[in-house]
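Each chain, letter by letter, is given below.
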Amino acid sequence: MYHRTIILYGRTEEAAPDDSGSVVVSWKEAVNFSDMAPHMLAGEYESAVVVPVNSTYGNDKGACVRITVDHAKTNFKGFTATLWLGDRRLAAEDGLTVAFDWVAFVPCAESLA
């Protein structure tokens, strides 16, 4: 068995938070998922590092939203991003959507058999 770190990247358009201020992103949304899927046979997905960047156009409130990743909710299916407006979680009633780009570094194990 050997280990490799695969890199997934994507863009989430018009992300609107749920009641907890979060957005769930599936690994399948990655631009390069079909290329990397064969390597995601088994892995330490809870230790994936995800770097989100707010790419909302303009200078309104949506462009000011900060994005964090909840590593406790990162698993083999994807990750959960939390959207923040100032010091509070963005709420659905704020009526804002956010576009964000992300890169994930996912350690995986593969068998040489």
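Explain the confidence of the model for the chain to me, using residue names and the numbers behind them.
For the chain, per-residue confidence averages 86 on the pLDDT scale, and residues scoring 70 or more make up 88% of the total. Per-element mean pLDDT across the chain ranges from 52 in strand 3 (residues 42-43) up to 95 in strand 4 (residues 49-54).

So, the packing of aromatic side chains: which residues are in play, and what are the values?
For the coordinates displayed, the defined rule picks out three aromatic pairs. Summarising the aromatic geometry, the rings of Trp27 and Trp102 are spaced 6.2 Å apart at their centres and angled 55 degrees between planes, so their arrangement reads as tilted. Of this pair, Trp27 sits in the loop between strand 2 (22-26) and helix 1 (33-36) while Trp102 sits in strand 8 (residues 98-110); the two residues are 75 residues apart in sequence, bridging distant segments of the chain. Exposure class is identical for Trp27 and Trp102. Each is buried. Centre to centre, the rings of Phe79 and Trp102 are 5.2 Å apart; their planes meet at 70 degrees, and the pair counts as edge-to-face. With Phe79 in strand 6 (residues 78-85) and Trp102 in strand 8, this residue pair connects regions lying 23 residues apart in the sequence. Per residue, the accessibility class of Phe79 equals that of Trp102, and both read buried. Grouped by ring-pair contacts, the aromatic residues Trp27, Phe79 and Trp102 constitute a single cluster.

Definitions and cut-offs
- Residues numbered from 1 in each chain as written.
- Predicted model: local features only at pLDDT ≥ 70, side-chain atom pairs only at ≥ 80, totals over all residues.
- Heavy atoms only, no water.
- pLDDT = per-residue confidence, 0-100.
- Helix = DSSP H or I, 4+ residues; strand = E, 2+ residues; numbered from the N terminus.
- Phe/Tyr/Trp six-rings, centres within 6.5 Å; stacked < 30°, edge-to-face > 60°.
- Buried < 20%, exposed > 50% of the residue type's maximum accessible area, 1.4 Å probe, protein only.

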